[in-house]
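Commentary on secondary and tertiary structure
Chain by chain, the residues:
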2 protein chains.
Amino acid sequence: MARTTGRVTLPSEGNFLEETKDIMKRWGADALRDSDGTKLPEEIKNLDAKIYTTYFVARGHNEFAKEHMEECQQLYLMSRRVTAAEEKVEIPFMEGYFDQQVTPDYVHDPKHWWEVMDRTSGEIVAPSSWEVNQRKHVVVVNNALPFHEYTVSFLVYAIWDPTQMYNHITNDWGDKPHEIPFDVRHPASGQFAREYLIQWLKDNPRTDVVRFTTFFYHFTLVFNDKAKEKFVDWFGYGATVSVKALEEFEKEYGYRLRPEDIVDNGYYNSTFRVPTRQYLDYMDFIQRFVARKAGELVKLVHEAGREAMMFLGDNWIGTEPYGKYFPEIGLDAVVGSVGGGATLRLISDIPGVKYTEGRFLPYFFPDTFYEGNDPCVEAKDNWLGARRALMRKPVDRIGYGGYLSLAYQFPAFVDYIEKVTEEFREIYDNINGSRPYCGLKVAVLNCWGQLRAWQAFMVAHALWYKQTYSYFGMLEALSGMGVDVIFLSFDDIREKGIPKDVDVIINAGAADTAFSGGREWLDEGIVTALRRFVWQGGGFVGIGEPSAAHFGGRFFQLADVLGVDEELGFSLSTDKYFSKEQEKHFLKEGREENFDFGEGVKNIYALSDETEIVEYSHGEVHASAHPYGKGRGIYLAGLPYSHENTRLLMRCLYYSVRKEGEMMRWFADNPLCEVHAYPETGKYAVINNSQESQSTLVYNGEGKASRICLDGCAIIWNTI
Amino acid sequence: MARTTGRVTLPSEGNFLEETKDIMKRWGADALRDSDGTKLPEEIKNLDAKIYTTYFVARGHNEFAKEHMEECQQLYLMSRRVTAAEEKVEIPFMEGYFDQQVTPDYVHDPKHWWEVMDRTSGEIVAPSSWEVNQRKHVVVVNNALPFHEYTVSFLVYAIWDPTQMYNHITNDWGDKPHEIPFDVRHPASGQFAREYLIQWLKDNPRTDVVRFTTFFYHFTLVFNDKAKEKFVDWFGYGATVSVKALEEFEKEYGYRLRPEDIVDNGYYNSTFRVPTRQYLDYMDFIQRFVARKAGELVKLVHEAGREAMMFLGDNWIGTEPYGKYFPEIGLDAVVGSVGGGATLRLISDIPGVKYTEGRFLPYFFPDTFYEGNDPCVEAKDNWLGARRALMRKPVDRIGYGGYLSLAYQFPAFVDYIEKVTEEFREIYDNINGSRPYCGLKVAVLNCWGQLRAWQAFMVAHALWYKQTYSYFGMLEALSGMGVDVIFLSFDDIREKGIPKDVDVIINAGAADTAFSGGREWLDEGIVTALRRFVWQGGGFVGIGEPSAAHFGGRFFQLADVLGVDEELGFSLSTDKYFSKEQEKHFLKEGREENFDFGEGVKNIYALSDETEIVEYSHGEVHASAHPYGKGRGIYLAGLPYSHENTRLLMRCLYYSVRKEGEMMRWFADNPLCEVHAYPETGKYAVINNSQESQSTLVYNGEGKASRICLDGCAIIWNTI
């Protein structure tokens, strides 16, 4: 096969010209980038490649920032909770925060901008009942109610950019200056951001692509007094707050946001919270501002004849790539880090940009590239995890980051990536922008819907959490499955109903979270829409605590659809007779391993003998199906990611719409393998998602099967 | 040692005179009773023993009942839930019920007495929107909202006594007549109950003790259309309902109860539900009626020179032995079935009777006494489990039930019980009514308090439930522990505060249940009372989901006391740094086995480094301690009953009040052994709760320890 080139971005660095040329050739790279801590020298910039240059808008300009400390970014923080043992209580509100990162805002009147909360009663303490001791950073509450807990929600200035702070502390950068984040909402900062960029574009004529890292507001990342992470929310709007923003919000929306609307009991409106109307308004307000301001910068880039690329992370807050204002920014491209299939789709599905780029793992840093370690292990895992998703919707480019000189010392790694880049281009060319065969259209229903497409259950980007992996596995499974995936919110259903072309709705998550839906399930409009949908032939797959909101004698409001409910203790007096597992069932055909529901959910029971129990153990149902009109409700107690579970979910989807017979059109019976077909280009591929060779029956789109063998990691292309 | 006699009740039967005399002598029995299905013949009645005769008030008189079917007992039942697929929906409300047990009440106007509920909206469907088809037992709802769920709450007559029904079906009694339960609230039934008893006392001159089995209302026990148990609530007031009762309630309380107040979403006010004011009113109303009416019967018994004994079970509803009206009944004695320590204390702690009797296991029935089985196994388990509790507060008598002729065929069993009866009398005499040494006073806090002393977490009497054993173990452990135990309700605290002499408060149970407390924890009066209590030196031990009610940023409202909370997903963004188990800790001193928290609770995390983590696994805290003022908060994820866990709880109690040093006053270091001291009588006992011989250090009340060895099951008495 002829060697291909392109669609690959490399990091490079000084004193590495010949090696860079060598790797460019081997990997077919057509773009070069700088990286955290590296700069491209002239000789590299003059190679035959697009040059990406990292650009920071709101940090790294201390000469400006120090002269405009009143334009620093701000946050609302909540103090720790202090119990009043007597009527006077002192709240040392800065306790537990890192004074090098944040400093209290005493410029704006605390009596107006801060809030002391009685967390026991839920009431605001009247400003007349407390005073601030600015010297000690203490709020003194008089007339406290003994044994009530009190907190202070207070404004701070952020005086250290969180990403630089993290790198600074991690790499022990000593007295290297702290980069101060400024807020472009303020006049001087806004003007500076524009003017600096104009000059910078002039000063960097060789830059083809301005890689914004990113725009204005970092995701919420707050450190503690030991200079360690205290709070991290990759979706958090914490750093977008300022007195100016709050005033402008009030003017525009006609009501004033309370500190509590931001602080939210110390949860800070985590995406796990069913969002309040106030927070949704605030997000919308910030998004419009960010889109407008970022759009102005992008316009400058375009006027200078360059491309604008946004990094999906760091200061990305307010851009919301799946939000309605994102296209207004006018970006050419988005680049993001690929941790697996779902994070790849998070990038590749972004609408309204010319191209997307995935930064693959491992990052060329010493934590992976050290003597005795084989970086190919992580690379293979990453590639196999992401490739499934690429088959559904590829990013347009792939790339790497870090120190190329480090990776170059690992020849086997360089060889492996050479293979990967070839394989990527082959996939990309064979798909050629066409729509892959989708057997079903699946909608994931939660409070966030499309705005947070592929982003459900995440806390910090792509990190593992005990409380989330059993749900996130569903997204990961879907990311490479032969189905169309959309994300629906409860508001979508209220406003427009369930889209006609949706076959199956998935609701997954822990009770009361935004992903399960919490109080949304008390809206009869939602409940009846779902029941009607399934009754008329749709499928409903519930994972964990779907539709959970205790009301009217049910915990799962769709218990009638699912045929199961969770025993909260109140109905222990009712005999539970239904515990017999069905020996044979479509959902467990071909299964060789035991089920793995991850964390699972306790005390799920079947409501009647109409519930088909697929797995029952420890006195609980963990997998079941239930007929409901022309459709079915399927229950799973959890779905951590694995190939077996991906197959289980696929079976659930087809079974839920009573289309079991259609599952094996394009299909590999070995769950470690998958088939992706592209009717428009007349091609199909069989992939081996494992590193061992596999034998599988392959169904060719017309129900005919033939056995093939694939080497570990293999991909085999055929014509239809 | 001289043989003792007395305090033992035997069942007997026909044609068994000599053997009865033999066993009476060997077991020292001084009372004889009939049993289900046996009658004592004259020759037996003439033996030198008190004679107990079982007496049924409200069943077993079909000649009367059949002539007064309008005075049958009644129930409110809830139909199954029916989803409206269109505007007209039919609810076959009797579906799933057993028509030999209950029959719809069409005598009283359904439009007035029944309720059709829209369970999706929670609203009542106007009576004008539905009709009853009495021929088909169907309610037809017109103008239904499509895809809402509907139920009918309807009145039935109960036409078969549940206990007789159970025995009838279980033993296949064929065409033996069904005993019809009548309601003494009605004039004819009330009069009949009195007159029958008067005559019966005349007809049964040899009866010394009328063993009421029991009074008027059976606990709720409803069968399904397959003649199997559908719903069982040992505490349920279901069968106390009648039109007459509801009318009288309205007159007295000034408001009308809705069917929903009784049906309660199909939960029927399970004791796991935080009780509503309406249900508490209703219970009080029924209790007063039962006390008055039962008191009238007891008076007749006394007038005839006999004793009145009540069986704790079957038709015991409304008697509430721990309620405020119980003493008014004027009973001489209560007898109940002993399943272990907590059920023994449930009997022996009953105030206001002259004596209590425990019916021990096994029952002399063929399910235990069959060839090849050793009935001693169950007898030993039962005795060892109950003996611990006897040491704290003995019942005054022990007894057995069933067919003595059956037990007589097992000589080893007869030998063993001979030993048991001797041992019981020795314990009883040595305690001699004195108060055992109590190191601490412990209050169990839940919604029911003293009214349900020793009855928390029970569904059907003493049966094992997956959802309860991890909590019930706490009661079982306490039942034989060297501490004073009381039961407190939230109302008690609101009305009278926490009693001054309480050292430790325990709150245990699943979130939102009456045992944890649910919404009670949103009452700042409760929360602050508990905080103040611990702050001033009290102990708080939380098991499972103590003080759980999500509000103000906490799930456990006493998280500040406990130092732990449950992660619901909302605070995943907050870093959790505290996971280090303390290598040495008072709570795990002397521990040899791994911890067993039973079902446990997921996602418990420590709030700060002040929390002493005693057990941490699977990313969760399962046992911890936390200083709070002068007291401490202790957390356990569950406490199934075991000797190790009994010791763990004891350690928790002492640690919570910072009295670790006082635990070993009267103490055995081997957790399989316990020491009980009786300062008033100058005696103390060391018991071996295991069936194997044990060596233990015994602390003699003054901190001096000496080692002793005990045979399996042994009890050794010493003088102080």
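Remember, it's a predicted structure, so these values are computed and weren't measured experimentally.

Helix and strand counts for chain A come out as 19 helices and 36 strands. Against the globule reference of 27 Å for 720 residues, chain A gives a C-alpha radius of gyration of 27 Å, in line with a compact fold. In terms of principal-axis extent, the alpha carbons of chain A reach across some 75 × 75 × 50 Å. A separation threshold of at least 6 residues defines the contact pool for chain A, and within that pool the share at least 24 residues apart is 73%. Only carbon and sulfur atoms are counted for the fraction: they give 48% of the accessible area of chain A, which is about 26200 Å². A distance of 4 Å separates the average location of the 77 positive side-chain charges in chain A from that of its 105 negative side-chain charges.

A separate point is the sheet that holds strand S32 (residues 673-678) of chain A. Residue and element names in this part refer to chain A. The sheet built from three strands is open, its strands ordered S32-S33-S36 with antiparallel pairing. Each edge of the sheet is formed by a strand with only one pairing partner; in this case those strands are S32 and strand S36 (715-719). Shown here is a sheet whose adjacent strand axes are inclined to one another by a mean of 20 degrees, direction ignored. In the sheet, S32 pairs with strand S33 (residues 683-688) via six bridges, with the strands oriented antiparallel. From the neighbouring strand, Ala-677 faces S33, where its bridge partner is Tyr-684.

A rotation about some axis, followed by a shift along it, carries one copy of the chain onto the other. Overlaying chain A with chain B gives an RMSD of 0.0 Å, the required rotation being 180 degrees about an axis along which the chain moves by 0.0 Å. Those values place the two copies in the arrangement expected of a two-fold rotation axis. The rotation axis passes nearest to the C-alpha of Lys-602 of chain A in chain A, at a distance of 4.9 Å.

Tallying the contact residues gives 60 residues for chain A and 60 residues for chain B. Buried surface at the junction of chain A and chain B, both sides included, amounts to about 5300 Å², of which 53% is carbon and sulfur. On the chain A side of the interface with chain B, the three residues burying the most area are Phe-147, Phe-570 and Leu-572 of chain A, jointly 15% of the side's total. Counting the contacts that link chain A with chain B gives four salt bridges. When the shortest N-O distance is used, the salt bridge between Glu-620 of chain B and Lys-466 of chain A registers 2.8 Å. Put simply, chain A and chain B have 36 residue pairs in polar contact (both at pLDDT 80 or more) between them. Contributions of two or more residues to the side of chain A that touches chain B are made by strand S15 (229-233), helix H17 (524-535), strand S24 (548-551) and strand S29 (620-628) of chain A. Considering every element that reaches the side of chain A that touches chain B, the biggest residue donor is H17 of chain A, with six residues. Class assignment for the residues of the side of chain A that touches chain B results in 17 nonpolar, 23 polar and 20 charged.

Evaluated as defined, the whole model comprises 89 salt bridges over all chains. With a closest N to O distance of 3.7 Å, Arg-277 of chain A and Asp-491 of chain A form a salt bridge. Placement of Arg-277 of chain A in helix H9 (residues 277-303) and of Asp-491 of chain A in helix H16 (residues 490-496) is noted, with a sequence separation of 214 residues between them. The salt bridge involving Asp-349 of chain B is made with Arg-345 of chain B; its shortest N-O contact spans 3.2 Å. A relative accessible area of 21% means that Asp-349 of chain B is categorised as partly exposed. Connected via shared salt-bridge partners are Arg-277, Asp-491, Arg-494, Glu-520 and Asp-523 of chain A.

Below, the discussion takes up the environment of Gln-100 of chain B. All names here are of chain B. Counting through the fold element by element, Gln-100 comes out in the loop between strand S6 (89-91) and strand S7 (102-104). Judged by relative accessible area, which is 36%, Gln-100 ranks as partly exposed. As for Gln-100 and His-178, which are separated by 78 residues in sequence, their C-alpha atoms are 8.8 Å apart. For Gln-100, the contacting residues outside a window of four places in its chain are Ile-159, Trp-160 and His-178.

Turning our eyes to something else, we now look at H17 of chain A. Residues and elements named next belong to chain A. With twelve residues, H17 ought to run about 16 Å at 1.5 Å a step, and its terminal C-alpha atoms sit 16 Å apart, in line with that. Along H17, the residues classified as buried are Ile-526, Val-527, Thr-528, Ala-529, Leu-530, Arg-531, Phe-533 and Val-534. Residue Asp-523 occupies the N-cap position of H17, its side-chain oxygen lying 2.7 Å from the main-chain nitrogen of Gly-525. Just downstream of H17 lies Gly-537, where phi reads positive at about 120 degrees.

Residues and elements named next belong to chain B. Reading across the sheet, the three strands line up as S32-S33-S36 and stay open at both edges, with antiparallel pairing between neighbours. The open sheet terminates on both sides in strands that have one partner only, identified here as strand S32 (673-678) and strand S36 (715-719). The sheet shows a mean angle of 20 degrees between the axes of neighbouring strands, taken without regard to direction. Here strand S33 (residues 683-688) pairs with S36 via five bridges, running antiparallel. In the strand pairing of S36, Val-686 is matched with Ile-716. Those strands touched by helix H12 (residues 375-392) are S32, S33 and S36, and its axis lies near 165 degrees from that of S33.

Tallied over the full model, the rule gives 111 aromatic pairs over all chains. For the pair Phe-64 of chain B and Phe-192 of chain B, a centre-to-centre distance of 4.2 Å together with 15 degrees between the ring planes defines the contact as stacked. Placement of Phe-64 of chain B in helix H3 (residues 62-65) and of Phe-192 of chain B in helix H6 (residues 187-203) is noted, with a sequence separation of 128 residues between them. Judged by its relative accessible area of 8%, Phe-64 of chain B falls in the buried class. The interplanar angle of 45 degrees and the centroid separation of 5.7 Å between the aromatic rings of Phe-215 of chain B and Phe-216 of chain B together place this pair among those described as tilted. Residue Phe-215 of chain B is classed as buried on the basis of its relative accessible area, which comes to 1%. Exposure remark for Phe-216 of chain B: the relative accessible area of 1% places this residue in the buried category. Among the aromatic residues, those joined into a ring-pair cluster are Tyr-55, Phe-64, Phe-182, Phe-192, Tyr-196, Trp-200, Phe-212, Phe-215, Phe-216 and Tyr-217 of chain A.

The next point concerns the pairing of strand S23 (residues 539-544) of chain A. All names here are of chain A. Burial analysis of S23 places six of its six residues in the buried class, the great majority of the element. Bridge count between strand S22 (residues 504-509) and S23: six bridges; the pairing is parallel. Bridged to Ile-505 within S23 is Phe-540. With respect to chirality, the unit in which S22 leads through H17 into the neighbouring parallel S23 is right-handed. Strand direction decides the pairing type here: S23 and strand S30 (residues 631-636), joined by five bridges, are parallel. Bridged to Ile-543 within S30 is Leu-636.

Before going further, it helps to examine the pairing of strand S28 (residues 612-617) of chain B. Residue and element names in this part refer to chain B. Looking at chain direction, S28 and strand S29 (residues 620-628) are connected through five bridges and run antiparallel. Directly across from Tyr-616, in S29, lies its bridge partner Val-621. Joining the antiparallel neighbours S28 and S29 is a turn of two residues, in which His-618 adopts a positive phi near 50 degrees.

Let us now look at the packing of helix H15 (residues 469-479) of chain B against helix H19 (residues 643-656) of chain B. Residue and element names in this part refer to chain B. Where H15 contacts H19, the two axes come as close as 9 Å, and the packing angle between them is 80 degrees. Between H15 and H19, the crossing angle belongs to the class labelled roughly perpendicular. Facing H15, whose interface residues are Met-474, Ala-477 and Leu-478, H19 presents Thr-646, Leu-649 and Leu-653. The residue makeup of the contact of H15 with H19, split by class, is five nonpolar, one polar and no charged.

Turning to the state of the cysteines, a few remarks are in order. Residues and elements named next belong to chain A. Tallied over the entire structure, the rule returns zero disulfides over all chains. Of all cysteine sulfurs in the structure, the one in Cys-438 sits closest to Cys-652, which takes part in no disulfide; the separation is 19 Å. No disulfide involves Cys-713; its sulfur sits 11 Å from that of Cys-376, the nearest cysteine. For Cys-713, a relative accessible area of 12% corresponds to the buried category.

We now examine the confidence of the model for chain A. Considering every residue of chain A, the mean pLDDT works out to 96; 100% of them sit at 70 or more. Listed scores for the predicted complex are pTM 0.96 and ipTM 0.96.

With that settled, the discussion passes to helix H11 (residues 341-348) of chain B. Residue and element names in this part refer to chain B. Counting buried positions over the eight residues of H11 gives eight, a clear majority of the element. Among the residues of H11, Gly-341, Ala-342, Thr-343, Leu-344, Arg-345, Leu-346, Ile-347 and Ser-348 are the ones counted as buried. Structurally, H11 contributes buried residues whose contacts are with strand S17 (333-337), strand S18 (355-359), H12 and H15.

Criteria and cut-off values
Residues numbered from 1 in each chain as written. Chains lettered and ligands numbered in written order. Predicted model: local features only at pLDDT ≥ 70, side-chain atom pairs only at ≥ 80, totals over all residues. Heavy atoms only, no water. Helix = DSSP H or I, 4+ residues; strand = E, 2+ residues; numbered from the N terminus. Rg over C-alpha atoms; globule rule 2.2 N^0.38 Å. Contact = heavy atoms within 4.5 Å. Areas by Shrake-Rupley, 256 points an atom, 1.4 Å probe, with all protein chains shown as cover. Lys, Arg positive; Asp, Glu negative; His and termini not counted. Charge placed at Lys NZ, Arg CZ, Asp CG, Glu CD. Pairing = 2+ DSSP bridges. Axes fitted to C-alpha atoms, helices over the stretch in contact; angles between N-to-C directions. Least-squares fit on C-alpha atoms with pLDDT ≥ 70 in both. Buried area = accessible area lost by both parts, 1.4 Å probe. Salt bridge = Lys/Arg side-chain N within 4 Å of Asp/Glu carboxyl O. Polar contact = N/O pair within 3.5 Å; in protein donor to acceptor, adjacent residues only side chain to side chain. Nonpolar A, V, L, I, M, F, W, Y, C, P; charged D, E, K, R; others polar. Buried < 20%, exposed > 50% of the residue type's maximum accessible area, 1.4 Å probe, protein only. Expected span 1.5 Å × (residues − 1). Phe/Tyr/Trp six-rings, centres within 6.5 Å; stacked < 30°, edge-to-face > 60°. Right-handed = clockwise from strand over helix to strand, strands pointing away. Parallel < 35°, antiparallel > 145°, perpendicular 65-115°, else oblique. Disulfide = S-S within 2.5 Å. pLDDT = per-residue confidence, 0-100.

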